[in-house]
Amino acid sequence: MTTPIPTPSVPAPDIVRCAYMEIVVTDLARSREFYVDVLGLHVTEEDENAIYLRSLEEFIHHNLVLRRGPVAAVAAFAYRVKSPAEVDAAEAYYRELGCRTERRAGGFTKGVGDSVRVEDPLGFPYEFFYDVEHVERLTQRYDLYSAGELVRLDHFNQVTPDVPRGRAYLEDLGFRVSEDIQDSDGVTYAVWMHRKQTVHDTALTGGNGPRMHHVAFATHEKHNIIQICDKMGALRISDRIERGPGRHGVSNAFYLYILDPDGHRVEIYCQDYYTGDPDNPTITWDVHDNQRRDWWGNPVVPSWYSEASLVLDLDGNPQPVVERDERSEMAVTVGADGFSYTRRQDDDGVEGFKLGTQL
Ligand SMILES: [Fe+2]
């Protein structure tokens, strides 16, 4: 582990959930086609520079902001905190960590009030807010419900070179670990961490970072995800389907990864599980278990390991990317044929894994 991040003496802010992501897109009209016309996210508000989108069941102003800009990147990973005082707590927490912070009483985006943005110790632009405009929750607007309806923002996924360092920092910040991937040497490749009672609000994936791996929206059922695949095929944009559909091992969720016009990765996700008890067991997967990333054993395409979006500092400039110096998951699991189905000989001489055997 590189230099550990100190634990502040002041309390961590009480985070409720991941709430929205602000991404910079280079062609707002093309991005609108993707997120509104193809994926069916609902427009709360828009102008010539930005579009504010929300999922069907959301009651706050937005879950995704598309902002026009010169370089495709992520401007904010925003979390809702439990009360206005917790925004103060977030500001004090990051100041003690020596991080750059910026507080705006009027918010950084439309629809959101008093907020603080920080350049966190891992180099990510994090935001914390409580005040937010309520809008119509469309849950029972079945007249608007599409066959591939996105109903909630589920999680973020961040790429960082040193996963244990990031994990310790996020545990200090109040996140709990639901699952992780390690090898028998103790190298950690990824970790899933939550505040709300699902598998995660964010995950750390080991790799060159800080970068944004994906933002994930939930559907109600598997068939909604299949419909998105069918629709993308019908629209002749199947080249934007990067990976899946499939069933994850980690999280148990049904998944699909697609790429927006700038290459920002979006996951469509459903059917993970409840994690709200304080003694919710942590599941550790072996990096050589072919079912960890896909329960059916389908290979992971190399681009899924290597490609990710830049993130911005508080001035709007891309953060420099630091290389991971530990083993990469792609290096240990993708063979010369470009496929990631490898077998490990177990101690008993039997190839592969028995049901339920993880590290
Ligand atoms: Fe995900």
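Residues numbered from 1 in each chain as written. Predicted model: local features only at pLDDT ≥ 70, side-chain atom pairs only at ≥ 80, totals over all residues. Heavy atoms only, no water.

Side note on the nonpolar core
With 59 residues, the main nonpolar core has Tyr 35, Tyr 94, Tyr 126, Phe 128 and Leu 173 as its most contacted residues. One finds Tyr 189, Ala 190, Ala 203 and Ala 253 within the second-largest nonpolar core, a separate group that totals twelve residues. (Core = buried A, V, L, I, M, F, W, Y, C linked by side-chain atoms within 4.5 Å. Buried < 20%, exposed > 50% of the residue type's maximum accessible area, 1.4 Å probe, protein only.)

Considerations on the packing of aromatic side chains
Taken as a whole and assessed by the stated rule, the structure comprises 19 aromatic pairs. Geometrically, the ring pair formed by Tyr 255 and Tyr 257 is tilted, given 5.4 Å between the ring centres and 50 degrees between the ring planes. Overall, the relative accessible area of 2% leaves Tyr 255 in the buried class. Classification of Tyr 257 as buried rests on a relative accessible area of 2%. By the ring-pair criterion, three or more aromatic residues cluster together here, those being Phe 77, Tyr 79, Tyr 93, Tyr 94, Phe 124, Tyr 126, Phe 128, Phe 156, Tyr 169 and Phe 175. The ring of Tyr 130 has Arg 80 sitting right over it, with the charged end atom 4.5 Å from the ring centre. Just above the ring of Trp 304 sits the side chain of Arg 243; from NZ or CZ to the centre is 4.7 Å. (Phe/Tyr/Trp six-rings, centres within 6.5 Å; stacked < 30°, edge-to-face > 60°. Lys NZ or Arg CZ within 6 Å of the ring centre and 35° of its normal.)

Quick notes on the coordination of the iron ion
Ligation of the iron ion by protein atoms is provided by His 155 (NE2), His 214 (NE2) and Glu 267 (OE), these donors lying 2.0 to 2.1 Å from the ion. Donor residues for the iron ion, ordered by position in the chain, follow H-x58-H-x52-E. Of this pair, His 155 sits in strand β9 (residues 152–160) while Glu 267 sits in strand β16 (residues 265–270), placing them 112 residues apart in sequence. (Donors = N, O, S within 2.8 Å, 3.2 Å for Na, K, Ca; no water. Helix = DSSP H or I, 4+ residues; strand = E, 2+ residues; numbered from the N terminus.)

Here we look at the UniProt feature "domain: VOC" (unreviewed entry) in the protein
Mapped onto the present numbering, the UniProt feature "domain: VOC" (unreviewed entry) falls at residues 17–131 and 152–271. Segment residues 17–131 splits into 21% helix and 41% strand. End C-alpha atoms: 14 Å apart. Helix makes up 19% of residues 152–271 and strand 46%, whereas the separation of the span's terminal C-alpha atoms amounts to 12 Å. (UniProt positions renumbered as here; feature names shortened; annotations may be inferred.)

Observations regarding the pattern of salt bridges
Inspection of the entire model under this criterion finds 27 salt bridges. The salt bridge partner of Arg 167 is Asp 180, with a shortest N-O separation of 2.8 Å. Of this pair, Arg 167 sits in helix α3 (residues 163–172) while Asp 180 is found in strand β10 (residues 176–182), placing the two residues 13 residues apart along the sequence. Glu 242 is the salt-bridge partner of Arg 265, the closest N and O atoms lying 2.6 Å from each other. With Arg 265 in strand β16 and Glu 242 in strand β14 (residues 241–247), this residue pair connects regions lying 23 residues apart in the sequence. Residues joined by salt bridges that share partners form a network here, namely Asp 88, Glu 91, Arg 95, Arg 103 and Asp 114. (Salt bridge = Lys/Arg side-chain N within 4 Å of Asp/Glu carboxyl O.)

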